[in-house]
Protein chains: 2
Amino acid sequence: MTLTAPTAAIGLDTAAEVAAQLRVDSVRSSTSAGSGHPTSGMSAADLFAVLVTRHLRYDWDDPRSPANDHLILSKGHASPLLYALFKAVGVISDDELMHGYRRLGQRLQGHPTPALPWVDVATGSLGQGLPDGVGIALAGKYLDKLPYRVWVLCGDSELAEGSIWEALDKASYYRLANLVTLVDVNRLGQRGPTDLGWDVDAYARRAEAFGARALVVDGHDLAAVDDAMAAAQDPADERPTVILARTVKGRGFREVEDSNDWHGKPFPPDMAERAVRELGGERHLTVRGPRPTAAPTDGSRPTSDVAARPVTTEPTEPPTPARYDLGAAVPTRKAYGDALVVLGARNPRVVALDGEVSNSTYAFEFARAHPDRYFEMFIAEQQMVAAATGLAVRGYRPFASTFAAFLTRAYDFIRMGAVSGVDLCLVGSHAGVEIGPDGPSQMGLEDLAMMRAVHGSTVLYPSDATSTVALTDAMATLPGISYLRTTRGKYPVLYADGESFPVGGCKVLRSSDEDAVTLIGAGVTLHACLAAADALAGEGIRARVIDCYSVKPIDDATIADAAAATGRIVVAEDHHPEGGLGSAVKDSLIAGGRATPSLVHLAVRGMPGSGSSKELLAWAGIDADHIASAARQLVRG
Amino acid sequence: MTLTAPTAAIGLDTAAEVAAQLRVDSVRSSTSAGSGHPTSGMSAADLFAVLVTRHLRYDWDDPRSPANDHLILSKGHASPLLYALFKAVGVISDDELMHGYRRLGQRLQGHPTPALPWVDVATGSLGQGLPDGVGIALAGKYLDKLPYRVWVLCGDSELAEGSIWEALDKASYYRLANLVTLVDVNRLGQRGPTDLGWDVDAYARRAEAFGARALVVDGHDLAAVDDAMAAAQDPADERPTVILARTVKGRGFREVEDSNDWHGKPFPPDMAERAVRELGGERHLTVRGPRPTAAPTDGSRPTSDVAARPVTTEPTEPPTPARYDLGAAVPTRKAYGDALVVLGARNPRVVALDGEVSNSTYAFEFARAHPDRYFEMFIAEQQMVAAATGLAVRGYRPFASTFAAFLTRAYDFIRMGAVSGVDLCLVGSHAGVEIGPDGPSQMGLEDLAMMRAVHGSTVLYPSDATSTVALTDAMATLPGISYLRTTRGKYPVLYADGESFPVGGCKVLRSSDEDAVTLIGAGVTLHACLAAADALAGEGIRARVIDCYSVKPIDDATIADAAAATGRIVVAEDHHPEGGLGSAVKDSLIAGGRATPSLVHLAVRGMPGSGSSKELLAWAGIDADHIASAARQLVRG
């Protein structure tokens, strides 16, 4: 049987059948795979059945349609339910459900990823789907200006993650009435009851206090769920909606209902058979609910507005790109702000976010030039990266900035962004001990290691304003997660306007046939390398100097050449010794497979305190004197 | 003038003088340093003045007294205020305030750290002081059973961090009436207004919804502040208290009051002079409020209970340590649970926390054996690490566990734990693609890089049950941040009971004079290395096999010996290629300074999906076949 309802005409009786099918298929797919979470889907099956038959406006034949609603399974472990829904709308086959789930090379992974065209973001690290949804809703309201809604299914356990509250805070601040959160309050987590159990009113008070409209329902009363979903579209209310649905884990199969023993376990075949029988047997219904071109169910949304529409912010006359005089003292963070303004003028898809430090990162320059495309995330770095992820889902190119140190707050979100395959440009300012008096809490000393370890990432660390502009431009078209590390202080411009800085390249700033040692730096240490080379030259030691502005990928060939030519390398970085620039250089040298040079690695090996920038660079042993001294010892033996 | 009040006899008129002094000194110290945040302290000076004169029970001559209240400056940038308070109670001199602030090698750092004996935890990454305070309050109520209170001063900006709400959620769940949060609602962040501005009632609704008692006051009305602080000690109320104080940034100096232009800026000398004049001039009052041995101000706390008292949980008869039969298949995560139970029996200071996955990490074994010392943190990894930090402040030895992947959620807290100098034992299970069908969201593939980059950290990665037990034991006395990586699946026990596993060591499991290649693994890849060695032996290639269970520090000598003896190394790890085991081996080889061997580094270079453990290890190229093949190519050239 196939039902298609262009105008939400599918009745609740059919929704009930769909719900039974979603449960049956959750059981069948997980049992077939021998792994998975059937009971976590069974609690939410009624929510999904009502949603997909009567409220989700989605053209299943065109998942890329910009008018489609978005559906995010924040409780990603309930993937059997989501995949059952995909079968119910006819986009995957029963065969794929039964033989593709959780298998190698298949797209029906243990937790959903965008390997499936109907999945926007990878979930499975809890508390991320809703924050991602905030980003999509921001795009819908402020950039696309399309009436699509964002529906997010959360588990109750994940409401313990602070990121959920960062998300609701921003959703209410930005008046995201287009965001509807469904919470499947089945009271049981992985190992036992949640801290609030079935106290749906307590959740409702929290959601209301955070500026959302909370609706409490019995999650197995289809009419009540339907009413709540309809109410979520009240055009008079600018608040995001949170529907708190009291549900029963394993609902529909009495052997496991509300049981603490069946989290994350597929049923053995005989048990699955009993479950399917109790649930009314296999069904192979195909149903499609409202399409985005149809009139909205409540009639309150303008129907003329649902077609795909380009972003309304048109490219403006690009301002003249900043040019910097050679030798002028300019912080790279300032050059980043300058570059972003120009980039934003050239490319209307570029958007920017910041964690309440835009006057430090210089993102404020973009905010001033392109206020419609700037989103202040306040001090909520997780939400900042998640919002960037959601904006990227809608085809925008987000640049998200804060202090390098504080990007550590969002590492799980960055990691998951890589799993989602989104293109994010992250910018961390105030790198290393160079920042001086503020002390170690503000010093990014782990960021290079953290960002290099992200799958498919690009890590850039410019030393001057000219290269910063070029690399900021380059980031705008890089795939995956890219990271730009900027520095607090002012350092001389080294490169003339127009110089090119390919990602994966480096610059050899000093070179001769008599070079006895190679000095490799990036950011502030590049300037120290140059000063060290000058000092060494005065002693008759010629040093090659490499600006390793592209830390990942790194310029293997140039580093290998320098190693071969000089046989000695000093690499200096304003970062802890593990995983950063020095590590990248060593990886490169060893991967080369040839004889490796003598190498001294200068890095921040102690725990810094306050001090001036100059004092701390000396204290850490990464200033010109220490670099020269290390080089001298290598050369003189 | 010196006033000491054993029984909170200091009047509000004196508190007002203290407040003026705190403001003056905030101005003076930051101007003297040429850096700092005077205005962010001026808004909270009245709160601190009332607190220190009348409510904070603290023996300033004995900061290590277990009976002292705790005071945490969560808004760490207001350090001039805290240091002014330390001067006001006579523990630092005016000279130190004027010449030590933000200078190299001095203890009055830009943001407070425990370099000062009155500071429990480093702050400066916002939204961490309150979560840390929850840990201290947990210790007070459940372990120390002492009536000390924990007072935390938060800024309003940092209430945007989700971690604040994780903290209040846990504080109310654990009924931490001993925790009082003061929020300095001065409405201005670094770059502009906060998202809620002066809407203190909105904050109050949020705090109440999260289970706290919220008290709203004018933060410059000393009597009102005093009343609220007294009310916070109501013995009939088990809720944590949040005092929301409406304040004015820069209060007391009209030129900067409520101004958006003076965040994080010291006043120039002439301006500082005007400020000091307007604030009534320099003062050098020394005041001390109630001591912990004195009767509490409200008389409601039992006075017999205030002396230092050891933890009440006595060592029990240690259960027989688990012994594992050689060759038996045991997951290392299970061995971790077994070890922790025994450790907990031996050492009553050992406590455990978990992020709602204790049945996966096996922390549940500790929870069952020592329920009084187990704290369920639900799905709130930031709070889990922060609570561990607070427990460590009180002298406990916390073991905090979750999936390795989800420790990325807490990276900022781990990093700050290192700045605080606390001893934390972190345990990440479900490392790498080995976990199989759950997919990449659940796979720890960045954790080794992340943990190695933490200052002073120890990183351990055992391959079998026996070594896991030994390393878990070792962790209990390691300084700083230590990390144990465990594996999901069952692998054979390799070592007999009683074998020793020193941190910084490794085990050579296969060795001969004819070894042509060295295979280095840890965790699951060590088993693959052993299988590869067997396969190679069948072809006449002898391979040395090293179990590199201590990734940081690494056994430089043994690795150098193996490199020298065999000239060829294959290192295989279930982790992304950057910053993990391979990186540690390469760092070690290059630091050795001798000719480096030919090296092949096998790691997870693609983005994994679902599959079986065996399939995914093969897909990633880190199983026995791939290791043997890499070794074969190295040997045969």
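Within an unreviewed UniProt entry, the label attached to chain A reads Transketolase, and the organism entered is Micromonospora globbae. In its Subunit (unreviewed entry) section, the UniProt entry covering chain A states "Homodimer."

*Asks:* Can you walk me through the confidence of the model for chain A in this structure?
*Replies:* A low pLDDT means the predicted coordinates there should not be read in detail. Residues and elements named next belong to chain A. Within chain A, residue pLDDT values average 94, and 95% of them lie at 70 or more. Across residues 294-313 the pLDDT falls below 50, and counting only partners more than four positions away or on other chains, this stretch makes 41 contacts in the model. Model confidence for the complex: the whole-complex pTM is 0.96, and ipTM, which rates the interface, is 0.96.

*Asks:* Explain the relation of the copies chain B and chain A to me, please; I cannot follow it from the model alone.
*Replies:* These two copies of the chain differ by a rotation about an axis and a displacement along the same axis. After a rotation of 180° and a shift along the axis of 0.0 Å, chain B superposes on chain A with an RMSD of 0.0 Å. Taken together, the rotation and translation relating the two chain copies correspond to the operation of a two-fold axis. Among all residues of chain B, the minimum C-alpha distance to the rotation axis is found for G162(B), at 1.8 Å. The overlap is high: 100% of the interface residues of chain B also sit at the interface in chain A, so the same surface is used on both sides.

*Asks:* How should I be thinking about the domain arrangement of chain A in this particular structure?
*Replies:* By convention, interface size is frequently given as the accessible area that disappears when the constituent parts associate. All names here are of chain A. Under the domain assignment used here, chain A contains domain 1 (2-288), domain 2 (329-492) and domain 3 (507-636). Distance between the C-alpha centres of domain 2 and domain 3: 25 Å. Contacts between domain 2 and domain 3 engage 31 residues on the former and 35 residues on the latter. Carbon and sulfur atoms supply 57% of the area buried between domain 2 and domain 3, which totals about 2,400 Å² over both sides. The largest share of the area that domain 2 buries against domain 3 comes from V433, R452 and Y461, three residues that together contribute 30% of it.

*Asks:* Got a minute to help me understand the packing of helix α19 (residues 556-566) of chain A against helix α20 (residues 581-592) of chain A in this structure?
*Replies:* Packed helices, taken two at a time, are described by the angle their axes make and the gap between the axes. Residues and elements named next belong to chain A. Contact pair α19 / α20: the axes reach a minimum separation of 10 Å and the direction vectors enclose 75°. As summarised for this structure, α19 and α20 are arranged roughly perpendicular, according to the angle between their axes. Contacts between α19 and α20 pair D556, I559 and A563 from the former with V585, S588 and L589 from the latter. Here the residues of the contact of α19 with α20 are counted per class, giving four nonpolar, one polar and one charged.

*Asks:* So what exactly am I meant to see when it comes to the environment of V422(B) here?
*Replies:* All names here are of chain B. Within the element layout of this structure, V422 appears in the loop between α15 (411-420) and β12 (424-429). Along the sequence, V422 and P479 sit 57 residues apart, while their C-alpha atoms lie 7.7 Å from each other. Apart from the residues lying within four places of it in its own chain, the contact partners of V422 are T389, A392, V393, G417, G480 and I481.

*Asks:* How do you make sense of the pattern of salt bridges when you look at a structure like this?
*Replies:* Side chains bearing opposite charge may pair, as long as their charged atoms lie close to each other. Inspection of the entire model under this criterion finds 94 salt bridges over all chains. The partner of E539(A) in a salt bridge is R632(A), with the nearest N and O atoms 2.8 Å apart. With E539(A) in the loop between α18 (524-538) and β18 (543-547) and R632(A) in helix α22 (residues 624-636), the pair connects residues that are 93 residues apart, well separated along the chain. Linking E17(B) and R283(B) is a salt bridge whose minimum nitrogen-to-oxygen distance equals 3.6 Å. Of this pair, E17(B) sits in helix α1 (residues 12-33) while R283(B) is found in the loop between α10 (269-278) and β7 (286-288), placing the two residues 266 residues apart along the sequence. Look at the salt bridges and you will find they share partners, linking D25(A), R28(A), K87(A), D94(A) and E282(A) into a network.

*Asks:* Please explain the sheet that holds strand β11 (residues 397-403) of chain B as it appears in this structure.
*Replies:* In a beta sheet, neighbouring strands are held together by backbone hydrogen bonds and run either parallel or antiparallel to one another. Residues and elements named next belong to chain B. Taken together, seven strands build an open sheet; the order of strands is β10-β9-β11-β12-β14-β13-β19 and the sheet is mixed. On the outer flanks of this sheet lie β10 (374-376) and β19 (550-552), each paired with one strand and no other. Between one strand and the next, the sheet's axes are offset by a mean angle of 20°, whatever the strand orientation. With five bridges connecting them, β11 and β12 associate as parallel partners. Paired with F403 across the bridge in β12 is S429.

*Asks:* Can you help me understand unusual backbone geometry in this one?
*Replies:* In most cases, non-glycine residues show a negative phi, while peptide bonds are predominantly trans. Note that the residue after K552(A), namely P553(A), is joined by a cis bond; omega there is -5°. Relative to the helices and strands, P553(A) is located in the loop between β19 (550-552) and α19. One non-glycine residue, H430(A), lies in positive phi territory at about 60°. The residue H430(A) is located in the loop between β12 (424-429) and α16 (447-452) in this model. H430(A) sits in the buried class, given a relative accessible area of 3%. Residues other than glycine seldom take positive phi values, yet K145(B) does so here, at roughly 50°. By secondary structure assignment, the location of K145(B) is in the loop between α6 (129-144) and β3 (150-155).

*Asks:* When you look at the UniProt feature "domain: Transketolase-like pyrimidine-binding" (unreviewed entry) in chain A in this model, what are you seeing that I'm missing?
*Replies:* In the numbering used here, UniProt assigns the "domain: Transketolase-like pyrimidine-binding" (unreviewed entry) feature to residues 330-493 of chain A. The distance separating the terminal C-alpha atoms of residues 330-493 of chain A is 7 Å; by composition the span is 40% helix and 21% strand.

*Asks:* Looking at this structure, I do not really get helix α14 (residues 381-393) of chain B. What am I missing?
*Replies:* Each α-helix turn comprises 3.6 residues. Residues three or four places apart therefore point the same way. Residue and element names in this part refer to chain B. Across its 13 residues, α14 extends 18 Å between first and last C-alpha, which sits within 8% of the 18 Å expected from 1.5 Å per residue. Considered for burial, the residues of α14 that qualify are E381, Q382, Q383, M384, V385, A386, A387, A388, T389, G390, L391 and A392. In the segment just after α14, G395 is the residue with positive phi, at about 90°.

*Asks:* Is there a simple way to explain the interface of chain B and chain A in this structure?
*Replies:* Tallying the contact residues gives 93 residues for chain B and 93 residues for chain A. Approximately 7,800 Å² of surface area, both sides summed, lies buried where chain B meets chain A, with 52% of it carried by carbon and sulfur atoms. Scanning the region where chain B abuts chain A turns up 16 salt bridges. One salt bridge in this structure joins R409(B) and D412(A), with 2.9 Å as the shortest N-O distance. At the level of secondary structure, the elements contributing two or more residues to the side of chain B that touches chain A comprise α7 (162-173), α8 (200-209), α12 (358-361), α14, α15, α16 (447-452), α20 (581-592) and α21 (613-620) of chain B. With eight residues, α7(B) is the largest single contributor of residues to the side of chain B that touches chain A. A per-class count over the side of chain B that touches chain A returns 32 nonpolar, 35 polar and 26 charged.

*Asks:* Sorry, what's going on with the packing of aromatic side chains here?
*Replies:* For any pair of aromatic rings, geometry is given as the distance between the ring centres together with the angle between the planes. Evaluated as defined, the whole model comprises 40 aromatic pairs over all chains. Geometrically, the ring pair formed by Y142(A) and Y174(A) is edge-to-face, given 5.9 Å between the ring centres and 75° between the ring planes. With Y142(A) in helix α6 (residues 129-144) and Y174(A) in the loop between α7 (162-173) and β4 (179-185), the pair connects residues that are 32 residues apart, well separated along the chain. Its relative accessible area of 23% is what places Y142(A) among the partly exposed residues. Using a relative accessible area of 10% as the deciding quantity, one classes Y174(A) as buried. Measuring from centroid to centroid gives 6.0 Å for Y174(A) and F375(A), while their planes differ by 70°, and the two rings are edge-to-face. Residue Y174(A) is located in the loop between α7 and β4, and its partner F375(A) is located in strand β10 (residues 374-376); the two are separated by 201 residues in the primary sequence. A residue is classified by how much of its surface remains accessible, and F375(A), at 2% relative accessible area, is buried. Connected via pairs of aromatic rings, a cluster forms that spans Y58(A), W60(A), Y83(A), F86(A), Y101(A) and W118(A). One Lys or Arg, R485(B), reaches over the ring of Y461(B) and ends 4.8 Å from the middle of that ring.

*Asks:* What should I look at first to understand the packing of α6(B) against α7(B) in this one?
*Replies:* Residues and elements named next belong to chain B. As a packed pair, α6 and α7 sit with axes 8 Å apart at the nearest point and diverge in direction by 20°. Taken together, α6 and α7 sit at an angle that is classed as roughly parallel. Here the hand of the crossing between α6 and α7 comes out left-handed. Across the interface between the two elements, L130, P131 and V134 from α6 touch S163, I164, A167, L168, K170 and A171 from α7.

The rules behind these values
- Residues numbered from 1 in each chain as written.
- Chains lettered and ligands numbered in written order.
- Predicted model: local features only at pLDDT ≥ 70, side-chain atom pairs only at ≥ 80, totals over all residues.
- Heavy atoms only, no water.
- UniProt positions renumbered as here; feature names shortened; annotations may be inferred.
- pLDDT = per-residue confidence, 0-100.
- Contact = heavy atoms within 4.5 Å.
- Least-squares fit on C-alpha atoms with pLDDT ≥ 70 in both.
- Domains from an automatic or database assignment.
- Buried area = accessible area lost by both parts, 1.4 Å probe.
- Axes fitted to C-alpha atoms, helices over the stretch in contact; angles between N-to-C directions.
- Helix = DSSP H or I, 4+ residues; strand = E, 2+ residues; numbered from the N terminus.
- Parallel < 35°, antiparallel > 145°, perpendicular 65-115°, else oblique.
- Nonpolar A, V, L, I, M, F, W, Y, C, P; charged D, E, K, R; others polar.
- Salt bridge = Lys/Arg side-chain N within 4 Å of Asp/Glu carboxyl O.
- Pairing = 2+ DSSP bridges.
- Buried < 20%, exposed > 50% of the residue type's maximum accessible area, 1.4 Å probe, protein only.
- Expected span 1.5 Å × (residues − 1).
- Phe/Tyr/Trp six-rings, centres within 6.5 Å; stacked < 30°, edge-to-face > 60°.
- Lys NZ or Arg CZ within 6 Å of the ring centre and 35° of its normal.
- Left-handed = near helix turned anticlockwise from the far one by under 90°.

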